[in-house]
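A structural walkthrough
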Amino acid sequence: MLSPLVAGLNNPANRFQAANKLAHFFGCLHLFVFIVDREIGILLPAPGFPQTLPNGKFWQDFTLGCSKNGHHQGLLPFPDANTLQESVGILGPEQSVIVFLGGTPTHEQIRPLIEILPILINLFTRELVEFSTQARIDLADKAVTKAEKLAATIDIMRVHLKDALVEQKKDKKAIEELMQKKDEFMNVASHELKTPITITKAYLQILQKLIPPQENTTAGDFILKANKQLGKLTALINDLLDVSKIHAGQMVYHFAEIDSKNLIEEVVAQVQVTTQTHQIIIAHNVPAKINGEQHRVEQVINNFLSNAIKYSPGAEKVIIRSDINDNTVKFSVRDFCIGIPIDKQQYVFDRFYRVQESSKNFSGLGLGLYISAEIIRRHGGTVGVNSDASGSEFYFTLPVLDA
Ligand code: ADP
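Only a predicted model underlies this, so the values are computations on that prediction, with no experimental measurement involved.

Conventions and cut-offs
- Residues numbered from 1 in each chain as written.
- Predicted model: local features only at pLDDT ≥ 70, side-chain atom pairs only at ≥ 80, totals over all residues.
- Heavy atoms only, no water.
- Pairing = 2+ DSSP bridges.
- Helix = DSSP H or I, 4+ residues; strand = E, 2+ residues; numbered from the N terminus.
- Axes fitted to C-alpha atoms, helices over the stretch in contact; angles between N-to-C directions.
- Contact = heavy atoms within 4.5 Å.
- Core = buried A, V, L, I, M, F, W, Y, C linked by side-chain atoms within 4.5 Å.
- Buried < 20%, exposed > 50% of the residue type's maximum accessible area, 1.4 Å probe, protein only.
- Domains from an automatic or database assignment.
- Near = heavy atom within 4 Å.
- Polar contact = N/O pair within 3.5 Å; in protein donor to acceptor, adjacent residues only side chain to side chain.
- Areas by Shrake-Rupley, 256 points an atom, 1.4 Å probe, with all protein chains shown as cover.
- Nonpolar A, V, L, I, M, F, W, Y, C, P; charged D, E, K, R; others polar.

**Re the sheet that holds strand β10 (residues 328–334)**
With mixed pairing, five strands are arranged side by side in an open sheet as β7-β9-β10-β12-β11. The sheet is open, and its two edges are formed by β7 (279–284) and β11 (382–388), each paired on a single side. Adjacent strand axes in the sheet meet at a mean angle of 20° when their direction is disregarded. In this structure, strand β9 (residues 317–325) lies alongside β10, joined through seven bridges in antiparallel fashion. Residue pairing for β10: Asn325 is matched across the bridge by Thr328. In this fold helix α6 (residues 260–272) packs onto β7, β9 and β10, with an angle of close to 165° to the strand it touches most, β7. Against the sheet, helix α9 (residues 368–378) makes contact with β11 and β12 (391–399), and its axis sits at roughly 25° relative to β12, the strand it touches most.

**Some thoughts on the sheet that holds strand β5 (residues 97–101)**
Taken in spatial order, the five strands line up as β2-β1-β5-β4-β3 in an open sheet, and their pairing is antiparallel. Sheet topology places β2 (42–45) and β3 (71–77) at the edges, where each strand pairs with a single neighbour. Strand-to-strand twist in this sheet, taken as the mean axis angle between neighbours without regard to direction, amounts to 30°. In this sheet, β5 lies alongside strand β4 (residues 84–91) in antiparallel orientation, the contact comprising five bridges. Across the sheet, Leu91 pairs through a bridge with Val97, a residue of β5. On top of the sheet, helix α3 (residues 56–69) reaches β1 (30–37), β2, β3, β4 and β5; it is set at about 170° to β3, its chief contact.

**Remarks on the nonpolar core**
Counting 44 residues, the largest nonpolar core has Ile301, Leu305, Phe331 and Phe396 as the members making the most contacts within it. Listing elements by their share of this core, those giving two or more residues are α5 (216–248), α6, α7 (294–310), β9, β10, α9 and β12. Mapping this core onto the domain boundaries places at least three of its residues in each of domain 2 (130–248) and domain 3 (256–399). Non-local contacts of Leu305, meaning those with residues more than four positions away in its chain, are made with Val267, Val268, Val271, Ile280, Val318, Ile320 and Val333. The next biggest cluster of nonpolar side chains, apart from the first, holds 39 residues, and it includes Phe32, Val97, Val99 and Ile121.

**Here's the deal with the site of the ligand**
Lining the immediate environment of the ligand, one finds 21 residues, of which Asn307, Tyr311, Asp335, Arg354 and Leu369 sit closest. Separating an oxygen atom of the ligand from a side-chain N or O atom of Tyr311 is a distance of 2.6 Å. Contact with the protein chains covers 97% of the free accessible surface of the ligand, which is 530 Å². Going through the elements one at a time, α7, α8 (356–359), α9 and β12 are the ones with two or more residues in the shell around the ligand. Looking at the shell around the ligand element by element, the count peaks at four residues for α7. Of the residues in the shell around the ligand, the class split is ten nonpolar, eight polar and three charged.

In structure tokens form, the structure reads like this:
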């Protein structure tokens, strides 16, 4: 009678129904078999039995009781969490656990089943290994499919990326060509402008000489003003030419020994005659020898002084000084006006940068400080600015020659 019922357990597809029939044979409602999954080392429902059970913690404690004591009795929830059934479980071969629900057959009653349990547990364990192997193969198959899709996507992206890079290179090249053309244009335009200015200056000189001394007042005034404007224009064009040279790497320096004290005195004298509003005061002037191109270092001091005068219209003085510290001469020019906001100070030496607050009422290209910084850098020095609401101090340092 038992044999056909046990034979029903052979097929995992309807194993649970067959197990229930077997349970009825022993006067119970359900029969569950748990076997140890060798991979993860825990008890799991054997293949063909429900894999998720209501209130799993109850079941876990129950099977643990069987494993520990060889048998266990109590209530188990099935088929739902609210239906508690009288249950009994025993420890089987290979640490397996067999649980009867809805009845508590004695050990004697189930002895015939216990005798054939090793065969059943062996079968279930083999199935479990096969299932998990199959599951792993399925997983690997899925992973391969995913990897193939991913590889295809990466290939497409690689093509897109390559296209984008080619485009970017083209764009970069186009921009570089445009920048080069712009530099060339600036260079040519500046040179072209210089010639008429020189000629105009020459005509103005002739004109000046043609005016009889007694009629000099009005006409002479005009000539003076025209000359001043031409001077401004020349300075702007020179700045543009310098920028072109810097970009083309053609700013050539002829280094020689310079006396820094004389240098300051000379530039101050040159700039002082251009202003009637400000007095340039030399506060301190150290005698030091520096190595550089006189004309270019003069240009930097000139730029600092002219800016100090230009950007402090209400002030009356500008102070220049030179000091020696650690084999370095520091030249600084201080003015007394609104100063430069702290967050903008770091940009003033950039090309074409103009501080809105200080420059809105004055003409300029934002190139003087950029050129100055480049000149000082090529002389092995540094430039900087300290500025607050009381005014600004622009400075540069140069190494002392043979200190
Ligand atoms: P430009 O004077 O032609 O604008 P510069 O490169 O000489 O160009 O100066 C850059 C900017 O730095 C100026 O536009 C101005 O905003 C600011 N700046 C330079 N010197 C001073 C100064 N002494 N006081 C206040 N702002 C200054």
